[in-house]
Amino acid sequence: MKYTLFLYSDETAFGAMSQEQMQQAQSAYMAYTQALQDAGVFVVTDWLQPTLTGTTMTLRDGKRRVQDGPYATTKEQLGGYYVIDVQNLDAALQWAERCPAVHYGFIEIRPSAMG
Amino acid sequence: MQRSRTPGEVSASALAERTARVSYGRLLALVAARSGDIAGAEDVLADAFHQALEQWPSRGVPENPEGWLLTVARRRQIDVGRSAEHRLRSDAEIDLLQIPADDGHAEALPPSEGFADERMKLLFVCAHPAIDETMRTPLMLQTLLGLDAEVIARAYIIPAATMAQRLVRVKRKIKSAGIPFVIPEPEALTGRIEAVLEAVYGLFAIGWEAAPNSSLSDAHRLDEEALYLAQLLIQLVPQLPEVRGLAALIGFAHSRREARVSADGRYVPIEEQDMTLWDQNLIGWSEWQLLEARKSAVIGRFQLKASIQSVHAARARSGITDWPALALLYTGLMQLAPSVGAGVGRAIAISHVQGPRAGLDCLALIDSTVLAEFQPALAARAYLLGEVGQLSDALVVYDRAIALTSDPVMRAHLLTLRTRVQNQETTRP
C-alpha cells in the first residue's frame, strides 16, 4: 500500500540555518532516503523551495486565476514529501518516526487512493 | 445432522439470537481481521445471522452454530469480493448459496485462544492512536458487542444520526488508512497499551453507570466484556501493573452487580448493600490482581481506583467501612488523576470522617459550572445539605439532580431521599 508522508515545518527556521546546519540536515535526509531504498519501500521524494516561491492557480468559470504564494497560509508549511510503499499504517508510522522532520515539524501520513 | 426440537429446548430463533449476543464480537473480529474492513465484515455477518434465522427453524440448529455462522459469513465475504472484482454474479445466485447444517461442512473454528487473539487484534484496532480518541470506546461497543449506533448514542447523550455517521467515518478510516489487525510487537506494545486500557475502562464505565437502567439492557454485558478483555490483557502484558489494576477495578465493581438493585427494583447504595450478594470469588480474584500489581511499586490511577473498591469490599470481612482509608485514597487519586468523579468520592469520604460540613467544603472545591451539570455531585451536595440541616437548600439541589437523571431506578432513589428531607422540613418546629 502506498502512503505519502507530507512534511510540514516552519520554513523560516531553515532560512536561519547556518551553512553547516544545512549540510547536516541534508545528510540526515540523504541517510533517511537511503534507508528507505535499502528497505525496498522507497517510491519518490522531493524537497520543495519555500512557499514564497509558490504560485497558486485555479480556473473559475473558465477564467484563469493565478496568485502569488501558497494555497493556504499556515504556521507550518509543506516543505517536502516522501511516497513509500509498505504493508500498513503501522509500518508507515514507523518510517515516519525515523524521518528527520518529526524532530522539528509534523508529518501527515495519507494512504494512496490508488492502492 | 438435523435435529428436531423437543419441548423445553431453546427455539432455533432464540438460539440464533443468543449466538448473536454471545459470539458477535468474536465472529466479527475473525471476519474483519482477514479483510481489514469492519463495515464489510458487519454486512456479511448480518447476512449470516439473517440466514440462520431463516434456515435454523426449518432445517434444525447446527451442532456448532458459531462455526456455521463463520462459514456463511466468509463465503459471503468471498462472494462480495468476487462481485466487486468481476461484477458477474447476481444477487440471486448468491442467495442460492446453501450451507448444509451438517457440521462436517462448517468451517473448523480456531481454538479459543485463536478467538481471543482475533478479539485482541480488534481491540488494538479500536484503540489505535490513529483513531479519534473519543470514538475508541463507541467503536468497541459496536464491534465487540454489536450494539447499534442508537444505543451507543444514548449512552453518550448525542443524536443517533451523529453517532452513526461518526462510526461510519471511523470504520472507513480503518479500512482506507490500512490500520492493521495485529497485536503490536513487544517494543511497540507498551506505547499502545494505555489507549487500550482507557478504552476498556470506558466500556466498563458506560456499562456500570447504565447498569440499573433498563433502557440499556446490554449494560451487564458491557462490564462483563470489559472484565473479559482485561483478563486477556493480563495474559498479554502480565508485567504491566495498571493492566492488573484495571482488571481488579472491574472485577470488584462487577462482584457487586447483584447487590446494586434490590429485588423490588430499588437502587441500593454501596453502604447499604446486602454483602451476601457480593461475588466473593470475584472479590478474591480482584484482590489477588491488585496485590500482584502492587508488587511493581509503580502506582497508577486504575490501581488507586481498585484500592478504593477493595476498601469497600473489605466491609464484608470487617463489618465496617474504613472511611479514613477511602479519604486518603481519593486524595491520592485527585493528585494523580484529578476528575470530578474522584472529587465527589473524596467529599463523601471526608464527610464520613470529619462530618457533613467538611464534605460540603470539599465539594465547594469543584468548579461550580461543572458541579451544576454533574448528577453525582449534586446528589452528594443535596444529601450533605440535608445532613447539616439546610433543608430548603437541599430540596432545591435534589430537584436539580433529579432533573438531570434519566435512569428510572436512580431517579426513584433520589426522589426517596428528597421525600425524606421534605418530611423533615414539614415536621420541623
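Residues numbered from 1 in each chain as written. Chains lettered and ligands numbered in written order. Predicted model: local features only at pLDDT ≥ 70, side-chain atom pairs only at ≥ 80, totals over all residues. Heavy atoms only, no water.

Asks: Sorry, what's going on with the overall build of chain B here?
Replies: Within chain B, the regular secondary structure consists of 20 helices and zero strands. A buried classification covers 51% of the 429 residues belonging to chain B. Taking the intrachain contacts of chain B between residues at least 6 apart in sequence as the baseline, contacts between residues at least 24 apart amount to 66%. With an accessible surface of roughly 20,500 Å², chain B has 54% of that area assigned to carbon and sulfur atoms. (Helix = DSSP H or I, 4+ residues; strand = E, 2+ residues; numbered from the N terminus. Buried < 20%, exposed > 50% of the residue type's maximum accessible area, 1.4 Å probe, protein only. Contact = heavy atoms within 4.5 Å. Areas by Shrake-Rupley, 256 points an atom, 1.4 Å probe, with all protein chains shown as cover.)

Asks: Could you clarify how one ought to interpret the overall build of chain A in this entry?
Replies: Within chain A one finds three helices and six strands. With respect to the principal axes defined by its C-alpha atoms, chain A has extents near 45 × 40 × 20 Å. Counting only residues that meet the buried cut, chain A has 30% of its 115 residues in that class. Just so you have it, chain A exposes about 7,900 Å², and 52% of that area is on carbon and sulfur atoms.

Asks: Can you walk me through the pairing of strand β1 (residues 2-9) of chain A in this structure?
Replies: Looking down a regular strand, the side chains alternate between one sheet face and the other. Residues and elements named next belong to chain A. Across eight bridges, the pairing between β1 and strand β5 (residues 77-85) is antiparallel. When the bridges of β5 are listed, Y8 appears paired with L78. As paired elements, β1 and strand β6 (residues 106-111) share six bridges and run antiparallel to each other. Counted as the bridge partner of T4 is R110 from β6. (Pairing = 2+ DSSP bridges.)

Asks: Looking at this structure, how should I read unusual backbone geometry?
Replies: Glycine aside, residues mostly have negative phi angles, and peptide bonds mostly take the trans form. Phi is positive for D61 of chain A, which is not a glycine, with a value near 50°. Structurally, the position occupied by D61 of chain A is in the loop between β3 (55-60) and β4 (63-68). Phi is positive for A297 of chain B, which is not a glycine, with a value near 60°. Here A297 of chain B is to be found in the loop between α12 (280-294) and α13 (301-318).

Asks: Help me out: how do you make sense of the sheet that holds β6 of chain A in this one?
Replies: Strand pairing in a sheet relies on backbone hydrogen bonds. The paired strands run either parallel or antiparallel. Residue and element names in this part refer to chain A. An order of β2-β5-β1-β6 is seen for the four strands of this open sheet, with the pairing classed as antiparallel. Since the sheet does not close on itself, it has two edges, and those belong to β2 (42-47) and β6, each with one partner. When strand polarity is set aside, the average angle formed by the axes of neighbouring strands in this sheet is 20°. Relative to β5, β2 is paired through five bridges, and the arrangement is antiparallel. When the bridges of β5 are listed, T45 appears paired with Y82. (Axes fitted to C-alpha atoms, helices over the stretch in contact; angles between N-to-C directions.)

Asks: Would you mind showing me how to read the nonpolar core here?
Replies: If you look at soluble globular proteins, the nonpolar side chains tend to sit buried side by side. In this structure, L5, Y82 and I84 of chain A together with L123, M140, V200 and L233 of chain B are the most contacted members of the largest nonpolar core, which totals 108 residues. Per element, the largest residue contribution to this core is twelve residues, and it comes from helix α9 (residues 186-210) of chain B. Apart from the residues lying within four places of it in its own chain, the contact partners of M140 of chain B are L123, C126, L145, A199, V200, L203 and L229 of chain B. Counting residues in hydrophobic clusters, the runner-up holds 37 residues, among them I366, L371, L385 and V421 of chain B. (Core = buried A, V, L, I, M, F, W, Y, C linked by side-chain atoms within 4.5 Å.)

Asks: Help me understand the pattern of salt bridges, please; the structure alone is not making it clear to me.
Replies: Where side chains of opposite charge bring their charged atoms close, a pairing between them can arise. Considering all chains together, one arrives at 14 salt bridges over all chains under this definition. Note that R110 of chain A is salt-bridged to E108 of chain A, the shortest N-O span being 2.8 Å. A salt bridge links E373 of chain B to R400 of chain B; the shortest N-O distance between them is 3.1 Å. Separated by 27 residues along the polypeptide, E373 of chain B in the loop between α17 (368-371) and α18 (375-387) and R400 of chain B in helix α19 (residues 391-403) bring together distant segments of the chain. (Salt bridge = Lys/Arg side-chain N within 4 Å of Asp/Glu carboxyl O.)

Asks: Any chance you could explain the packing of helix α1 (residues 12-35) of chain B against helix α2 (residues 38-59) of chain B here in plain terms?
Replies: The geometry of a pair of packed helices is captured by two quantities: the angle between their axes and the separation between those axes. All names here are of chain B. Running from N to C, α1 and α2 cross one another at 155°; their axes reach a closest spacing of 10 Å. Relative to α2, α1 is oriented roughly antiparallel. Every pair of crossing elements has a handedness; the one defined by α1 and α2 is right-handed. Where α1 approaches α2, its residues A12, S13, L15, A16, T19, A20, Y24, L27, L28, V31 and A32 are matched on the opposing element by I38, A41, E42, V44, L45, F49, A52, L53, W56 and P57. Residues that form the contact of α1 with α2 fall into these classes: 18 nonpolar, two polar and one charged. (Parallel < 35°, antiparallel > 145°, perpendicular 65-115°, else oblique. Left-handed = near helix turned anticlockwise from the far one by under 90°. Nonpolar A, V, L, I, M, F, W, Y, C, P; charged D, E, K, R; others polar.)

Asks: Where do I start with the environment of A52 of chain B in this structure?
Replies: All names here are of chain B. Tracing the backbone through its elements, the reader meets A52 in helix α2. According to the relative accessible area criterion, A52 is buried, its value standing at 0%. Distance in space between the C-alpha atoms of A52 and V72 is 9.2 Å, their sequence separation being 20 residues. Apart from the residues lying within four places of it in its own chain, the contact partners of A52 are A16, P57, W68 and L69.

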